[in-house]
Number of protein chains: 2
Amino acid sequence: MTPIRDMLSETGITEQQWRVLRVLSEFGLLDASTLANRASLLFPSLTRIATTMRKKGLITQTRDVADRRRQFIAITEAGQKLIDDYTDQSALIVAEFKRTMGEDDYETLLDLLARLDPMVRD
Amino acid sequence: MTPIRDMLSETGITEQQWRVLRVLSEFGLLDASTLANRASLLFPSLTRIATTMRKKGLITQTRDVADRRRQFIAITEAGQKLIDDYTDQSALIVAEFKRTMGEDDYETLLDLLARLDPMVRD
DNA sequence: TAACAACAATTAACATGTTAAGGAATATCA
DNA sequence: TGATATTCCTTAACATGTTAATTGTTGTTA
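1. What about the pairing of strand β3 (residues 71-75) of chain A?
- Sheet topology note: the strand β1 (residues 30-31) of chain A/β3 of chain A ladder contains two bridges and is antiparallel. In the strand pairing of β3 of chain A, D31 of chain A is matched with F72 of chain A.

Okay, structure coming up:
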């Protein structure tokens with residue numbers, strides 16, 4: 001993740017915050033639980049990350065009026081701009097990564113890691 | 001790492017502390033820099049980890065009399081006992097892991113990850 | 001030898017992972 | 001309906017990763 005982290009250090013956000021932005025950018029408005037799952041974050045982490053991201057103006061948080069335990073989170077224009085500005089760069093990094101590793105080995109690695117994932121969870 | 005973490009939670013030490021103990025058990029007395037490298041820890045992390053491990057009586061820290069900037073770290077009897085008590089169990093976990101994944105895929109994964117490691121570092 | 005560079009380690013500040021405990025809102029059921 | 005359980009989220013406490021600044025020590029060199 002180092003090349004990605006290097007890119008992100010220019011932006012002042014972290015890997016996890018980047019992931020949150022990407023998920024929000026892709027899926028739009030999400031409730032906190034869904035967001036946490038899709039961004040692979042535990043709830044306590046999301047609570048903190050959301051707070052700092054709101055202060056930075058990257059996301060908005062709104063209560064669900066129907067169920068006031070729930071919370072909705074959405075990306076702001078500033079957040080979307082950040083995604084837009086760095087998506088190309090991020091794609092280049094991944095491409096370079098695949099090129100260096102070799103396309104086949106890259107796929108193999110993803111497969112093996114995917115197999116690992118469910119194994120580790122039970 | 002979840003099965004390993006589960007095992008370690010019984011012992012009250014963390015993954016990183018376990019790694020420090022294993023390295024010390026294998027190599028004996030080490031200076032802090034070498035230990036940090038072999039245990040894949042950054043120095044600030046090692047500083048903190050060593051402090052807590054010393055308080056727990058798992059390691060000892062001694063200054064190098066020739067160069068008082070340097071520090072030597074060694075495992076204590078208590079630390080070695082912890083290693084001895086859980087080495088078997090840890091080996092079983094790795095064996096089960098290989099069995100589930102398949103020996104060949106396990107080797108493939110290790111190879112791919114090893115290739116990843118240097119790539120990510122530059 | 002006195003100034004300065006280089007080195008080893010620590011400390012500080014911030015962000016996250018992780019487990020447990022707590023708080024507020026809603027659901028359930030006798 | 002009122003007590004209880006459940007759900008969603010937050011807080012707290014601790015451990016680590018990471019970068020930068022700092023403290024001692026040792027090396028170098030003019």
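2. Quick notes on the protein's contact with DNA strand C
- Taken together, the neighbourhood of DNA strand C is formed by 23 residues, with S45 and R48 of chain A together with S33, T47 and R69 of chain B sitting nearest.
- Among all atoms of DNA strand C positioned within 4 Å of the protein, those belonging to sugar or phosphate total 70%.
- Q16 of chain A has a polar side-chain atom sitting 3.1 Å from a sugar or linking oxygen of DNA strand C.
- Within the residue set of the surface near DNA strand C, elements represented by two or more residues are α2 (15-27) and α4 (43-55) of chain A together with α3 (32-38) and α4 (43-55) of chain B.

3. Here we look at the protein's contact with DNA strand D
- In the neighbourhood of DNA strand D, 23 residues make up the surrounding shell, with S33, T47 and R69 of chain A together with S45 and R48 of chain B lying closest.
- Counting only atoms of DNA strand D within 4 Å of the protein, the fraction found in sugar and phosphate groups is 69%.
- At 2.9 Å, a side-chain N or O of R69 of chain A approaches a base oxygen of DNA strand D.
- The side chain of Q16 of chain B places a nitrogen or oxygen atom 3.1 Å from a sugar or linking oxygen of DNA strand D.
- Secondary structure elements with two or more residues in the surface near DNA strand D: α3 (32-38) and α4 of chain A together with α2 (15-27) and α4 of chain B.
- Each residue belonging to the surface near DNA strand D can be placed in one class, and the counts come to eight nonpolar, seven polar and eight charged.

How each quantity is defined
Per chain, residues are indexed from 1 in the order of the written sequence. Key to labels: chains lettered from A, ligands numbered from 1, both in the order written. Per-residue local features of the predicted model are confined to residues with pLDDT of at least 70, and side-chain atom pairs are confined, for both listing and counting, to 80 or more; whole-chain, interface and lining totals are unaffected and use all residues. Only hydrogens and water are set aside; all other atoms, that is, all heavy atoms of the structure, feed into the side-chain values. A strand pair is defined by DSSP finding two or more bridges across the two strands. Labels follow the DSSP assignment, with helices taken as runs of H or I lasting at least four residues and strands as runs of E lasting at least two, numbered in each case from the N terminus. In this text, near means that some heavy atom of the residue lies within 4 Å of the molecule or strand in question. By the criterion applied in these results, polar contacts are pairs of N or O atoms within 3.5 Å in which, for protein atoms, one can donate a hydrogen and the other can accept it, and in which residues neighboring in sequence qualify only through two side-chain atoms. When residue character is reported, Ala, Val, Leu, Ile, Met, Phe, Trp, Tyr, Cys and Pro are called nonpolar, Asp, Glu, Lys and Arg charged, and the others, Gly included, polar.

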